[in-house]
Every structure is written in C-alpha cells, then in structure tokens.
Amino acid sequence: MTEESDTRHQSAGAGHELRTVRVYINEAGLSVPQGSSVLDALRIFDEESARAVERGESRLVDSRGLDIHESSIVSGGTILRVLPVRSATKSITGQDR
C-alpha cells in the first residue's frame, strides 16, 4: 500500500468512501481528504496556525525548506513546516537598521 492508496473512510450517511492521504505537519502525521490544499491540511492540524498563515505572520515550507503556496494540493507523504515570518527591518543582532 502506497501513501497515495491511503485510508478510506465512509462518509456519514452518503455511502461513499472518502479517500484520504497521509501528510506530516511539524513532524505530526495526520490524514486529510485527498485533494486538500496545504492550508486545508493546516486547518485540520491547527486552526490558529492556519489563521497565522492567512494573516502573513507565518509561512509554510516543504521538507526542503522551500516556501510552498497555501493553495498547493497535498499528496501522500507531503511534509510541511510552519515557520514564523521574520521582519526584514531587523539585523542579525536584532537591532533596527
């Protein structure tokens, strides 16, 4: 069974199977509906973190540390990290420029 073949759940009352994929956010594994955006997955993981991304206070990066757009669709095994957005007006020492 691959990450894409995933888990299947019965939808409540509909008799349809809901396909899910396994993703990892800040090292925690969770199953999200197939076709979810990274922001949808983050909302399932932690609503407040999702709101921080929407406000521009945090950003999402992939397993390589590269920024990933919040509308990108997750696939099985997607690894995401939520990082704070740093101010460009501070130097390395923390002093204002």
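Residues numbered from 1 in each chain as written. Predicted model: local features only at pLDDT ≥ 70, side-chain atom pairs only at ≥ 80, totals over all residues. Heavy atoms only, no water.

1. Some words on the side chain of serine 58
Looking at the element boundaries, serine 58 is found in strand S4 (residues 58-61). For serine 58, a relative accessible area of 16% translates into the label buried. Those residues within four positions of serine 58 in sequence are excluded, and the remaining contacts are Ala52, Val53, Val82, Leu83, Pro84 and Val85. (Helix = DSSP H or I, 4+ residues; strand = E, 2+ residues; numbered from the N terminus. Buried < 20%, exposed > 50% of the residue type's maximum accessible area, 1.4 Å probe, protein only. Contact = heavy atoms within 4.5 Å.)

2. Remarks on unusual backbone geometry
Positive phi values are uncommon outside glycine, yet asparagine 26 reaches one of about 50 degrees. Structurally, the position occupied by asparagine 26 is in the loop between strand S2 (17-25) and strand S3 (28-33).

3. Quick notes on the environment of valine 38
Structurally, valine 38 can be placed in helix H1 (residues 38-45). Along the sequence, valine 38 and isoleucine 25 sit 13 residues apart, while their C-alpha atoms lie 9.6 Å from each other. Aside from chain neighbours lying at most four places away, what touches valine 38 is Leu60, Ile68, His69, Glu70, Ser71, Ser72, Val74 and Leu80.

4. Here's the deal with the pairing of strand S5 (residues 79-84)
On any regular strand, side chains alternate: one points to one face of the sheet, the next to the other face. Pairing of S2 with S5, which is carried by 2 bridges, proceeds in the parallel orientation. Of the residues in S5, the one forming a bridge with isoleucine 25 is leucine 80. Bridge count between S4 and S5: 4 bridges; the pairing is antiparallel. Each bridged residue has a counterpart across the sheet, and for leucine 60 the counterpart in S5 is valine 82. (Pairing = 2+ DSSP bridges.)

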